[in-house]
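Residues per chain are reported as follows:
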Amino acid sequence: IISSKQESALPRGEYHVPVVIKDFDFYTNGYMAYPTEGSEEDEMVKEVNATNDRNEQYLPAKRPSVIPEYFGSVIAVNGKAWPKHRVHRAVYRLTIINGCNSRFLALQLTSNGSPVPPFNVVMGDRGFLDEVSTQNHLVVGPMERYTVLVDFRVARPGSEILLKNFGADVPLMRKKSLRPCGDGNKCDRPTNDVMMFAVDGTVDNSYEIPEVLPRPRPYPFDRPVAGRRIISLVEGEDRMDRLTLLLNDRPFSLNAAKDLMPKFGTSEIWCFNNTTPDTHPMHVHLIAFKILHRVAHGRHGKRRKIPADKDERGPKDVVKVYPDMTTCIKTSQFDLRGPYMVHCHILEHEDYVMMQTFTIV
């Protein structure tokens, strides 16, 4: 994990805990497993093999196909399944990274009997937030990153604080559909458990949560806007009835279309219009951006503008684009010429083929 000079004021050493979360499946021999789905293509291969033995070594009867999403049954942190980490009664910095293929994590801290500290969110993907956001729950999309400060001094010595995920094993549709543990959600599935913090009796008061966060200078989003672009998220099927996800209803190309050629040295507003039923974590290479707002598409053509969540108000490079909404961002300066990518960070969507090239000219 690369840290900036401004982060030197945050807890360091043993008080800085990276939390890289990933879901897996395993074969009984311990090898990682990844599902495959059959298709009409597999049936065609079987027919060829039945009629021509010479092809059998080249065309297996079963071969991997495209799957729309992947949700593993084992949650691992830093490569270890359901780990336990011992902490003092002190303020810790957790650098949370969602490394899952498709899973949106909905995180909260719980305990049986002990007071539970909240998340004090201080940083997003690319830097400090405008202000500290104190909250009990945190929704993290694939490849989103958050830095949170957790004050374990509120916990009792000897207590066990659980980091839980109350997200489901299916694609995320709407954020309001998420129900925290204890709110009618038993959270008794294996993928509800992330890790445990075992609190010992040592007290360390050397760090306090800041009231004011550093602001980058110059601020990267103060430049005037040179243009505005709309990128539509579209869902369809290929000739074998497999799900395809597209941007602007076009297949991927290494050559940027004319509507994706921002000018060098400028900043723009990009609006992602999600026409699919799922939430997509959209990632833009090279630049940082600021989330301006979301526009909810209501019935009878009604529109409602929604501000960015408090934990999103800082430099980012991944944004949750909810269904039936248009999510608008303002980019930092396009300061390097050449081709770059914009894509969904759900791995299966990115691979087939929710990605486009934009070229800075």
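Note that the structure is a prediction, hence the values are computed from the model and not measured.

What counts as what
- Along every chain, residues carry numbers that run from 1 in the direction the sequence is written.
- With pLDDT at 70 or above as the cut-off, local features in this predicted model cover only qualifying residues; side-chain atom pairs require 80 or more to be listed or tallied, and sums for whole chains, interfaces and linings still use all residues.
- To get the side-chain values, all heavy atoms of the structure are used, and hydrogens and water are removed first.
- In this description, a disulfide is simply a cysteine sulfur pair whose atoms lie within 2.5 Å.
- Here the term buried applies to any residue with accessible area under 20% of the maximum for its type, exposed to any over 50%, and partly exposed to those in between, with areas from a 1.4 Å probe on protein chains only.
- For this analysis, a salt bridge means a side-chain nitrogen from Lys or Arg found within 4 Å of a carboxyl oxygen belonging to Asp or Glu.
- Only DSSP runs of H or I reaching four residues or more are called helices, and only runs of E reaching two or more are called strands; each is numbered from the N terminus.
- Each residue carries a pLDDT value, the predictor's own confidence for that position, ranging from 0 to 100.
- Only heavy atoms enter the contact rule, under which two residues are in contact if any of them lie within 4.5 Å.
- What makes two strands pair is DSSP finding at least two bridges between them.
- We call two N or O atoms a polar contact when they sit within 3.5 Å, provided that within protein one can donate a hydrogen and the other can accept it, with sequence-adjacent residues counted only if both atoms are side-chain atoms.

Enquirer: I keep staring at the state of the cysteines and nothing clicks. Help me out?
Expert: What makes a disulfide is a covalent bond joining the sulfur atoms belonging to two cysteines. Under the counting rule described, the total for this entry stands at two disulfides. In this model Cys181 forms its disulfide with Cys187; the gap between the sulfur atoms is 2.0 Å. Its S-S torsion of approximately -90 degrees makes the covalent link between Cys181 and Cys187 left-handed. Its relative accessible area of 16% is what places Cys181 among the buried residues. Overall, the relative accessible area of 6% leaves Cys187 in the buried class. Linked covalently through their sulfurs, Cys271 and Cys328 form a disulfide whose S-S length is 2.1 Å.

Enquirer: What exactly am I supposed to notice about the pattern of salt bridges here?
Expert: Opposite charge on two side chains permits them to pair, given that their charged atoms come into close proximity. Overall, the coordinates contain 18 salt bridges when judged by the stated rule. A salt bridge links Asp151 to Arg153; the nearest nitrogen and oxygen atoms lie 2.9 Å apart. One salt bridge in this structure joins Asp169 and Arg189, with 2.9 Å as the shortest N-O distance. Highlighted residues: Asp169 in the loop between β12 (160–165) and β13 (193–203) and Arg189 in the loop between β12 and β13, separated in sequence by 20 residues. Each of Asp125, Arg126, Glu144, Arg145, Lys316, Asp317 and Lys320 takes part in one network of salt bridges that share partners.

Enquirer: Can you walk me through the confidence of the model for the protein chain in this structure?
Expert: Where the model shows low pLDDT, its predicted coordinates should not be examined in detail. Per-residue confidence for the protein chain averages 89 on the pLDDT scale, and 91% of its residues sit at or above 70. The model gives residues 39–61 a pLDDT under 50, and that stretch makes 24 contacts with residues more than four places away or in other chains.

Enquirer: Would you mind showing me how to read unusual backbone geometry here?
Expert: Comment: phi is negative for the bulk of residues other than glycine, and the bulk of peptide bonds are trans. Note that the residue after Tyr352, namely Val353, is joined by a cis bond; omega there is -20 degrees. Within the chain, Asp249 stands out as a residue other than glycine whose phi angle is a positive 60 degrees. Here Asp249 lies in the loop between β15 (243–247) and β16 (267–274).

Enquirer: Is there a simple way to think about the pairing of β13 in this case?
Expert: Successive residues of a regular strand alternate their side chains across the two faces of the sheet. Pairing analysis gives five bridges linking strand β5 (residues 84–89) to β13, with the strands arranged parallel. Looking at β13, one finds that Lys84 is bridged to Met196. Two strands pair when backbone bridges link them, and β12 and β13 are joined in this way by five bridges, in the antiparallel orientation. Counted as the bridge partner of Leu163 is Met195 from β13.

Enquirer: Which parts of the structure should I look at to understand the environment of Lys22?
Expert: Positionally, Lys22 belongs in strand β1 (residues 16–26). Residues Lys22 and Val194 lie 172 residues apart in sequence; the distance between their C-alpha atoms is 9.5 Å. In this structure Lys22 touches Val74, Ile75, Ala76, Gly99, Cys100 and Asn101, once residues within four positions along its chain are discounted. At 3.1 Å, the side chain of Lys22 forms a polar contact with the side chain of Asn101.

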